Amino acid sequence: MKKYQEIFIQKMDTTFQRWKSQPFLAERELYRFLHSLKGTSGSIGLEDISRVAAAKLEQLDEESDKRWSREEWPLFLKELLGNHDEQEEAPPIEQIKEKKAGGSEVVLFIESDIEKLTALRREMEKEGWVVLAAMTPEKGLSAFWSKHPDLLLIDLDMPKNSGIELLRKIQEIAGNRFTPVIAISSSREKQARMEAYEAGALDYIQLPADPDEILIRMKNKMNYRDLMREVVLIDELTGAFNRKFFNVEIKRQLHLLKESHSPFSLAMLDLDHFKKINDTYGHTSGDEVLKEFSRMVRGRIHQDDFFIRFGGEEFVLLMPGCTGEKAKQIIQSMIQELEQHEFLFEGQSVFCSFSGGVVEVNHTEERPGEFLKKADLALYSSKINGRGKVTNYQDINPSIDKEKWLRIGIIDDDAVMRQILEDQLHKMSFGNYQIDIRSFREGEAFFNDDWYKQGGKYIILLDGVMPRMDGVEVLQRLRKEFPEEDFIIVMLTGRKSEKDIVRGLELGADDYLTKPFSMKELEARVRRLAMRIVN
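This text gives an overview of the structure that appears in the document.

Cut-offs applied
- Residues numbered from 1 in each chain as written.
- Predicted model: local features only at pLDDT ≥ 70, side-chain atom pairs only at ≥ 80, totals over all residues.
- Heavy atoms only, no water.
- Helix = DSSP H or I, 4+ residues; strand = E, 2+ residues; numbered from the N terminus.
- Buried < 20%, exposed > 50% of the residue type's maximum accessible area, 1.4 Å probe, protein only.
- Pairing = 2+ DSSP bridges.
- Axes fitted to C-alpha atoms, helices over the stretch in contact; angles between N-to-C directions.
- Contact = heavy atoms within 4.5 Å.
- Expected span 1.5 Å × (residues − 1).
- Core = buried A, V, L, I, M, F, W, Y, C linked by side-chain atoms within 4.5 Å.
- Arc of directions from axis to C-beta.
- Parallel < 35°, antiparallel > 145°, perpendicular 65-115°, else oblique.
- Left-handed = near helix turned anticlockwise from the far one by under 90°.
- Nonpolar A, V, L, I, M, F, W, Y, C, P; charged D, E, K, R; others polar.
- Salt bridge = Lys/Arg side-chain N within 4 Å of Asp/Glu carboxyl O.

Position of glutamate 360 among the secondary structure elements: in strand S13 (residues 354-361). For glutamate 360, a relative accessible area of 4% puts it in the buried group.

Written out as structure tokens, the structure is:
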């Protein structure tokens, strides 16, 4: 993040220097600057700047015609100017407090009331949790399948008793994965509580309730989940998932493939000459190799991937949203890393390797056993061709459609935010889709470019506040001119008022992110929404 912080501070300093050459500064321009400052600085770990900008915004009117003199605005922004008046250089990054890394738990909150959704979501995000919100049972069920959340919070007070029906639908899969489900409701009736527990809820919270109590009960359920997963689903020696977990997760992946047509890769990994290590140096040394191998793989895979010990020295790697070719590249880099790791057994240097076989799963006609057989065949090909390599089953039976495109557009007037989003999105992959990422400084520049007319599927990350044509105008025009099934639109907003959020959703936005936001949250939202349009 330091690179972005340095660019951001330099850009802020350049803006101040430009303003100093002007006879006056329009309050509207000052408002837009602080609005952008608040969202971007908070997203790159500069919380002090974000907090000051937010406080200053409260004192301004976006629609005001007021003009600030060269004497007035520097006094108003003195906390942000720092020592800019004395020197041209931006302050050292070390002087700015970086954002602490939060937790990585994913909470799915299914709530039809925007007021409760906004209030509770804000409290949960303070804990560092990634909060996925769904306002209908249908979207909630889809998100539950696609994002395997660590905890589900569901409001039972949704229309037509749909909350209870949703609980019943997800009971089996949630139980198999030890995913805690907490029901919230304003009902004081014993029957309502009993019905929730019978439908699969692990806890029932009656509203209104203190937010701190809700959070601590959520934390307790997550601790319970971690314990149960460790006892039942985790291999004790390696820390990888066990075969019982594989049997549950492969069903979920096939369900997602059927619903969203989002492929995944399955890889078989097997340590080379492992029996020789056990026979020569003993099983304790073999265990050390297994643990180091597992540690290395689990440290390299994506947060949505699953590393599973299948038996002995054989492992399975499930990689959602990853093509066979991309999986092959990732595994090849893992092979190179393990080959460079030196083990010391009985005073001797020992080097190990492993082989891999990958199959891309992009249809549901076959059973899991067939995918495993194909991955095993690719693994066998790696073994007989010298070991220490990975083979893609598609190389034996190539069938990849490379003509599909997913285009991601970023419309934001903040150059630093555009660069951050571009860098993050370039790291992601979306099945067989070729990715085309383009950024625009504002709405007019976007519509003056023919990029958005090329066809294919689009995800648009759209800032709500921009000069000339703001995000709402861009949203309205896109929804008028193009089919919704081809354009997913995510509003990026620094406004926390429920009125602005509701307006964006009513006009056709598919989701919203409130600045500042974490890159992990952004990635989770984009990947979840992409599953709705790729096919």
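Across the sheet, which stays open at both edges, the five strands sit in the order S4-S3-S5-S6-S7 with parallel pairing between neighbours. With partners counted over all chains shown, the strands left at the sheet margins are strand S4 (130-134) and strand S7 (203-206), one partner each. Here the average twist between neighbouring strands, direction ignored, is 20°. Against the sheet, helix H9 (residues 190-198) makes contact with strand S6 (181-185) and S7, and its axis sits at roughly 150° relative to S7, the strand it touches most.

Let us now look at helix H11 (residues 243-260). Its 18 residues place the ends of H11 25 Å apart at the C-alpha level, agreeing with the 26 Å of an ideal helix rising 1.5 Å per residue. Buried within H11 we find Phe245, Phe246, Val248, Glu249, Ile250, Arg252, Gln253, Leu254, Leu256, Leu257 and Ser260. Where H11 ends, the next residue or the one after it, histidine 261, has phi of about 60°, a positive value.

To continue, consider the nonpolar core. Counting residues in each nonpolar core, the largest one holds 48 residues, and the members touching the most others are Phe8, Phe16, Leu30, Leu34, Leu37, Leu77 and Leu461. A per-element tally of this core places helix H1 (residues 2-20) first, with six residues. The contact partners of leucine 77, leaving out residues within four places of it in the chain, are Phe16, Trp19, Leu30 and Leu34. Within the second largest apolar cluster, 40 residues are counted, among which are Val107, Ile205, Leu215 and Met491.

Glancing now at helix H3 (residues 47-57). Residues of H3 that are buried include every one of Ile49, Ser50, Ala53, Lys56 and Leu57, and no others. Burial along H3 is one-sided: seen end-on, the buried residues are contained in an arc of 130°.

Moving on, we get to unusual backbone geometry. With an omega of 0°, the peptide bond between leucine 207 and proline 208 qualifies as cis. Relative to the elements of secondary structure, proline 208 occurs in the loop between S7 and helix H10 (211-232). Omega for the peptide link from lysine 515 to proline 516 comes to -5°, which places this bond in the cis form. Tracing the backbone shows proline 516 in the loop between strand S19 (511-514) and helix H21 (519-530).

Bringing the packing of helix H2 (residues 27-43) against H3 into the picture now. Interhelical geometry of H2 versus H3 gives an angle of 150° and a closest axis separation of 8 Å. When the axis of H2 is compared with that of H3, the two are roughly antiparallel. For the pair H2 and H3, the crossing hand works out as left-handed. For the pair H2 and H3, contact is made by Tyr31, Leu34, His35, Leu37, Lys38, Ser41 and Gly42 and by Glu47, Ile49, Ser50, Ala53, Ala54, Lys56 and Leu57, respectively. The residue makeup of the contact of H2 with H3, split by class, is seven nonpolar, four polar and three charged.

So, about the environment of alanine 375. Take alanine 375: it is sitting in helix H15 (residues 368-384). Judged by relative accessible area, which is 0%, alanine 375 ranks as buried. Separated by 16 residues in sequence, alanine 375 and valine 359 have C-alpha atoms that sit 5.2 Å apart.

Within the secondary structure layout, serine 50 lies in helix H3. Judged by its relative accessible area of 9%, serine 50 falls in the buried class. Apart from the residues within four sequence positions on either side, serine 50 is in contact with Lys38, Ser41, Gly42 and Pro516.

The next thing to look at is the sheet that holds S19. Read across the open sheet, the five strands follow the order S16-S15-S17-S18-S19; overall the sheet is parallel. Each having just a single partner strand, strand S16 (434-440) and S19 make up the two edges of the open sheet. On average, each strand axis in the sheet is inclined to that of its neighbour by 15°, with strand direction left out of account. The pairing of strand S17 (residues 457-463) with strand S18 (residues 487-493) spans six bridges and is parallel. Counted as the bridge partner of isoleucine 460 is isoleucine 489 from S18. The sheet contacts of helix H17 (residues 415-426) involve strand S15 (405-411), S16, S17 and S18, and relative to S16 the element is tilted by about 175°.

What follows deals with the pattern of salt bridges. By the definition in use, this model includes 34 salt bridges. Its salt-bridge partner being glutamate 79, residue lysine 56 comes within 3.3 Å of it at the nearest N-O pair. Of this pair, lysine 56 sits in helix H3 while glutamate 79 sits in helix H5 (residues 78-81); the two residues are 23 residues apart in sequence, bridging distant segments of the chain. With its nearest N and O atoms 2.7 Å apart, the salt bridge here joins glutamate 213 to arginine 217. Of this pair, glutamate 213 and arginine 217 both sit in helix H10, separated by four residues, roughly a single helical turn. A relative accessible area of 37% means that glutamate 213 is categorised as partly exposed. Here the salt bridges share partners, and the residues they tie into one network are Arg121, Glu125, Asp511, Glu521 and Arg525.

Relative orientation of the contacting elements helix H12 (residues 274-281) and helix H13 (residues 283-300) amounts to 140°, with a least axis distance of 6 Å. Between H12 and H13, the angle is such that the two are oblique. Judged by residue contacts, Phe274, Ile277, Asn278 and Tyr281 of H12 engage His283, Ser285, Gly286, Val289 and Leu290 from H13. Its residues assigned to classes, the contact of H12 with H13 shows five nonpolar, four polar and no charged.

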